[in-house]
Amino acid sequence: NYRTESLFDEYEYGAAIKNYLKINNDWRAQSFLKISKINYGGEDYQTIAKLGAKAKYSISRNEGIYLRYGYEDIKSDSVIFDYLEGWRQKIRAEYRQYNKKFIGKIYYELELNNRNDLSTTAGDFSYSPTRNTLRGKYIRIFSKKWHLTGDLAYRVSDYPATANQDRTDQRSKASVYVDYRFDKTFKLRMKAENTDNQSTEDIFDYRRSVYTVALSKLF
């Protein structure tokens, strides 16, 4: 596949293999292997090999449990990014409920990182956080044209202590948005989003509010 993000001048090229498996009427599973090459700011950035597995357990026609595991082997393609080289693992358990009137989901995710980290004349800094995330999302379907969505997330990031850093972040994120669907491929979205990040390192403290109006079209 191919992806471009002009805002950050980032290009990604990749190839993936997927395998689907129906275990029985209640359990379905998927495994995959993906290799990506990323270019950032016109320079070689990273090569990432990702191995993952997903499974779905159907509680009923309208309820399900979703499990996900992903392992990423991250290689630096430029010496200036060597501190990010290492691995990352993510484990997620999610519950979903859906019908004609609403879609609700809530999940917990654990993220583990083991990176080379950064050593400079100014000191040692860790880029290997352990993250715990709890997120809930609710979509109210008023009609085929009008959808209302609320999205809440809370994340704690605990970084290994170094001589120069003992960082723990707590991030709260809330958003609400309204979609008006002209048809299946064309929609208008109005969105308000607020993020509050509290950190033991003052430089990472911030609050951000973003309001957007967007038109999107699928071709």
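Since the structure is predicted, the reported quantities are computational estimates derived from the model, not experimental observations.

A.B. asks: Describe in detail a positive patch on the surface, supporting the description with residues and values.
C.D. replies: A cluster of like positive charges, contributed by K18, K54, R68 and K90, occupies part of the molecular surface. Structurally, the position occupied by R68 is in strand β5 (residues 63-76).

A.B. asks: Could you give me a rundown of the pairing of strand β13 (residues 186-199), with the residues and numbers involved?
C.D. replies: Relative to β13, strand β12 (residues 168-181) is paired through 13 bridges, and the arrangement is antiparallel. Its bridge partner being in β13, Y180 is matched across the sheet by L188. As consecutive antiparallel partners, β12 and β13 are separated by four residues. With 12 bridges connecting them, β13 and strand β14 (residues 206-217) associate as antiparallel partners.

A.B. asks: Talk me through the pattern of salt bridges; I want residue IDs and the actual numbers.
C.D. replies: Scanning all chains against the criterion turns up 12 salt bridges. We note a salt bridge from E109 to R92, for which the minimum N-O separation is 3.0 Å. Residue E109 is found in strand β7 (residues 102-115), and its partner R92 is found in strand β6 (residues 86-98); the two are separated by 17 residues along the sequence. For R207, the salt bridge identified is with D196, shortest N-O distance 3.6 Å. Linking R207 in strand β14 with D196 in strand β13, this pair joins segments that are 11 residues apart in sequence. For R207, a relative accessible area of 68% gives the class exposed. Each of R92, E94, R96 and E109 takes part in one network of salt bridges that share partners.

A.B. asks: Let's hear about the confidence of the model for the chain: which residues, and what values?
C.D. replies: Overall, the prediction assigns the chain a mean pLDDT of 92, with 95% of residues at 70 or greater. Overall, residues 1-7 carries pLDDT values under 50, and its contacts beyond four positions in sequence, including any with other chains, amount to 13 contacts.

A.B. asks: Describe the packing of aromatic side chains, with residues and values.
C.D. replies: Summed over all chains, the structure comprises nine aromatic pairs. A ring pair is formed by Y40 and Y45, whose centres lie 5.7 Å apart and whose planes are at 40°; its orientation type is tilted. Judged by relative accessible area, which is 17%, Y45 ranks as buried. Within the aromatic cluster, the residues linked to one another by ring pairs are W146, Y180, F182 and F186. Here the guanidinium or amino end of R92 rests over the ring plane of Y107, the centre of that ring lying 3.8 Å away. Over the aromatic face of Y66 sits the side chain of R96, whose NZ or CZ is 3.9 Å from the ring centroid.

Reading guide: rules and limits
Think of each chain on its own: its residues are numbered from 1, step by step along the sequence as written. Where local features are concerned, this predicted model is filtered to residues with pLDDT of at least 70; where side-chain atom pairs are given and counted, the filter is 80 or more; whole-chain, interface and lining totals use all residues. Calculation of side-chain values draws on the structure's entire complement of heavy atoms; hydrogens and water are dropped beforehand. Exposure above 30% relative accessible area and the absence of a salt bridge qualify a residue for a patch, where like charges join within 9 Å and nonpolar side chains (Val, Leu, Ile, Met, Phe, Trp, Tyr) within 5 Å. For the area figures, the Shrake-Rupley method with a 1.4 Å probe applies, and any residue is considered shielded solely by the protein chains shown. Salt bridges are defined by distance alone: a side-chain nitrogen of Lys or Arg within 4 Å of a carboxyl oxygen of Asp or Glu. Here the positive residues are Lys and Arg and the negative ones are Asp and Glu; neither His nor the chain ends is included. Lys charges are placed at NZ, Arg charges at CZ, Asp charges at CG and Glu charges at CD. The helix and strand labels rest on DSSP assignments: H or I over at least four residues marks a helix, E over at least two residues marks a strand, and numbering proceeds from the N terminus. Strand pairing follows a simple DSSP-based rule, namely that at least 2 bridges must link the two strands. Only protein chains enter the area calculation, which uses a 1.4 Å probe; residues under 20% of their type maximum are buried, those over 50% are exposed, and those in between are partly exposed. pLDDT gives the predictor's per-residue confidence on a scale running from 0 to 100. Contacts between residues were defined by any pair of non-hydrogen atoms, one from each residue, lying within 4.5 Å. Pairing of aromatic rings covers Phe, Tyr and the six-membered ring of Trp, with a centre-to-centre limit of 6.5 Å; geometry is then stacked below 30 degrees between planes, edge-to-face above 60, and tilted otherwise. Here, a charge over a ring is recorded when the distance from Lys NZ or Arg CZ to the ring centre is within 6 Å and its angle to the ring normal is within 35 degrees.

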